[in-house]
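In case you want the letters, here they are:
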Amino acid sequence: MNVLSEYQILAERHQLPPMRSGGYVANSEAFEDPDQVWNRLSELRPSQGWLLFQSQQIPFTNGLVEPKPEWGVLLAAEAYGETAGTSTSIALEQDGRGGWVLTRYTHAQEGDHLYDEPDQLAHNRGRPDPSKLRYRRYWRLDPELGYVQTVACFTGFV
């Protein structure tokens, strides 16, 4: 038996999400200006995700929301969208030097990773927003450590 077969036995017994084989392609872009970050995120037209500003964290489920000046600068985000049948997960994070890195992850059916798609509870502060976030986690076999998670990609609200 292989690892994937063994995992499926455990998944059924413990109600874990199924594991599959596949991979991803990652493309990163660096930005130094907050307006450039917002413009690029808008160009990608994600359908859902969450945005973290200096003074506001907000989910969106029908395309990006228009930011308000009182929210301050966009600090981080995770988003998801589909264009021409291709699904893309977007992660925006600060680079530690005053800029941002926006990374687009595109799922690949072929690859040397395993992946699963668990749901995570969302904290909504009493708002009627989505209650769970779905991620696609990719695992790579390390010869010394076993399977280690390489990336978790937001794939939408449940």
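Everything discussed here concerns the structure shown above.
Residues numbered from 1 in each chain as written. Predicted model: local features only at pLDDT ≥ 70, side-chain atom pairs only at ≥ 80, totals over all residues. Heavy atoms only, no water.

**Brief notes about the pairing of strand β8 (residues 132-142)**
By the bridge criterion, 4 bridges tie strand β6 (residues 100-116) to β8 in an arrangement that is antiparallel. Residue pairing across strands places D116 opposite R137, the latter belonging to β8. Bridge analysis of strand β7 (residues 119-121) against β8 gives 3 bridges, and the strand direction is antiparallel. When the bridges of β8 are listed, L121 appears paired with K132. (Pairing = 2+ DSSP bridges. Helix = DSSP H or I, 4+ residues; strand = E, 2+ residues; numbered from the N terminus.)

**Some words on a nonpolar patch on the surface**
A cluster of nonpolar side chains, contributed by V3, L141 and Y147, occupies part of the molecular surface with about 260 Å² of accessible area. As for its position among the elements, Y147 is in strand β9 (residues 146-157). (Patch = residues over 30% accessible without salt bridge, like charges linked within 9 Å, V, L, I, M, F, W, Y side chains within 5 Å. Areas by Shrake-Rupley, 256 points an atom, 1.4 Å probe, with all protein chains shown as cover. Salt bridge = Lys/Arg side-chain N within 4 Å of Asp/Glu carboxyl O.)

**What about the nonpolar core?**
In terms of nonpolar packing, the biggest core is built from 17 residues, with L41, L51, F53, L74, L92 and L102 touching the most fellow members. Of all the elements in the fold, those that place two or more residues in this core are α2 (34-44), β2 (48-53), β3 (57-60), β4 (74-83), β5 (86-94) and β6. If near-sequence neighbours (up to four positions away) are discounted, L41 is found in contact with P46, L51, L64, L74, I90 and L102. Residues Y80, L133, Y135 and F154 belong to the second largest nonpolar core, which totals 7 residues. (Core = buried A, V, L, I, M, F, W, Y, C linked by side-chain atoms within 4.5 Å. Buried < 20%, exposed > 50% of the residue type's maximum accessible area, 1.4 Å probe, protein only. Contact = heavy atoms within 4.5 Å.)

**Looking at the environment of Q94**
In this structure, Q94 sits in strand β5. Taking C-alpha positions, Q94 is 9.3 Å from F31, a pair spaced 63 residues apart along the chain. Beyond its immediate sequence surroundings of up to four residues, Q94 is in contact with L75, G99 and W100.

Shape descriptors only; they carry no functional weight alone.
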